[in-house]
Amino acid sequence: MKVKNKKNVAKAISAIGKTHKIKRNKIKRLTEKKGKKKKISKKALIEVGLKNEKPKAKVQTTQPITNDNLIKLTNISYKGAPESTTPSLYKPQKKVDGDKTPVSFIQRMKDKLKGARFRYINEQFYSSSSQEAFLYFKKEPSAFKAYHNGYMQQVTQWPVKPLDVIIKQIKPILKKSNVNSPVVVADFGCGDAKLARAFPKVKVHSFDFVAVNQYVTAGDMAHTSLANGSVDIAVFCLSLMGTNLQSFIKEANRVLKTGGLMKIAEVESRFDNISTFVDSLAKYGFEKIKVDQTIEMFVFMDFKKTQDISKTALKKKLPILELKPCIYKKR
């Protein structure tokens, strides 16, 4: 709107002031300019009520406006809220390690229960004979599975895997095995028969309380079906458990050929005195070849069968063999 002279401006101001009850000095500041014609701005007219402001057109968008910073900060959204209720903050549950959601909490509780069951079964091993353990697992094979799974979980936390050390040590011997001169191995307390699976072309007899796969023969390893003097290498890898250790050593003496090799790997803390244990094995017909204590946590022993004690065991008083229980700490 253009105002031609000061009289018209004054009239306009007077009318506006009466109608809208605004201060005259505000209108005067907008229009006075030392005798020159003044064009009142659109903004000024809107302020005094002579012109209506047009509503701004709404911008149409197909995507909801979100505050990325807020979402990143809180990691929450309304997604998943029931339609019939008022919106509420909803946090999607993630099934990933370390996520503190109800799902991961339940999983952690399950893991603790599994660990507790493994430790309980492990402790029972050391206070029972191999025959008692075999009968128990025959009735409760799921208990052996729980023990085996817990054991494998413990193995992953060790600085070295004892069976891997033994496999590496006997590999040169087993490479010489052939049809005309086969090398026969007996793995006492084999677990999942990793030794047999590592050498599929070699005859490896794998014994444990439960046959977890086709390589394992279930039974009491103190009484196997192997023939006398039919084995070249006998292996006890963390398997000297129970109250009848001497029965295992006597069985190894029975099935080994004279000059055959017996390999033992055990947790070092189980021994009160390693020399005493070695001397006792001499009474069972085994001569020490090597004792290796250089590997953290474990001790590795090699013995050679020098005497068959099967005919003299009843006549000769053999020393009792004892090792301390290996108790796994709660993690």
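Cut-off values and rules
Residues numbered from 1 in each chain as written. Predicted model: local features only at pLDDT ≥ 70, side-chain atom pairs only at ≥ 80, totals over all residues. Heavy atoms only, no water. Helix = DSSP H or I, 4+ residues; strand = E, 2+ residues; numbered from the N terminus. Expected span 1.5 Å × (residues − 1). Buried < 20%, exposed > 50% of the residue type's maximum accessible area, 1.4 Å probe, protein only. Salt bridge = Lys/Arg side-chain N within 4 Å of Asp/Glu carboxyl O. Pairing = 2+ DSSP bridges. Axes fitted to C-alpha atoms, helices over the stretch in contact; angles between N-to-C directions. Contact = heavy atoms within 4.5 Å. Bend = angle between axes of the 7 residues up to and from the residue.

Novice: Can you break down helix H7 (residues 141–155) residue by residue, with the values?
Specialist: Its 15 residues give H7 an end-to-end C-alpha distance of 21 Å, which sits within 8% of 21 Å, the value for a rise of 1.5 Å per residue. Buried within H7 we find Ala143, Phe144, Ala146, Tyr147, His148, Gly150, Tyr151, Gln154 and Val155.

Novice: Outline the pattern of salt bridges, listing residues and values.
Specialist: Summed over the entire model, instances satisfying the criterion amount to seven salt bridges. In this structure, lysine 324 and aspartate 272 form a salt bridge, with 3.5 Å as the shortest nitrogen-oxygen distance. Taken together, the positions of lysine 324 in the segment after strand E7 (298–305) and aspartate 272 in the loop between strand E5 (256–267) and helix H11 (274–283) put the pair 52 residues apart, joining distant regions of the chain.

Novice: Describe the sheet that holds E5, with residues and values.
Specialist: With mixed pairing, the seven strands of this open sheet are ordered in space as E3-E2-E1-E4-E5-E7-E6. Edge positions in the sheet fall to strand E3 (216–218) and strand E6 (286–292), since each of these pairs with one other strand and no more. Strand after strand, the sheet turns through a mean of 20° between neighbouring axes, direction not considered. Note: strand E1 (residues 184–188) against strand E4 (residues 231–237), four bridges, orientation parallel. Following the sheet pairing, alanine 186 is matched in E4 by alanine 234. Helix H8 (residues 162–175) rests against E1, E4, E5, E6 and E7 of the sheet, and its axis sits at about 170° to E4.

Novice: Tell me about H8, and please be specific about residues and values.
Specialist: Between its first and last C-alpha atoms H8 spans 20 Å; for 14 residues at 1.5 Å apiece the expected length is 20 Å, and the two agree. Maximum bend of H8: about 35°, positioned at glutamine 169, with proline proline 172 one to four residues after it. Residues of H8 that are buried: Pro162, Leu163, Val165, Ile166, Ile167, Ile170 and Leu174. Tucked into the core, H8 has its buried residues touching E1, helix H9 (194–198), E4, E5 and E7.

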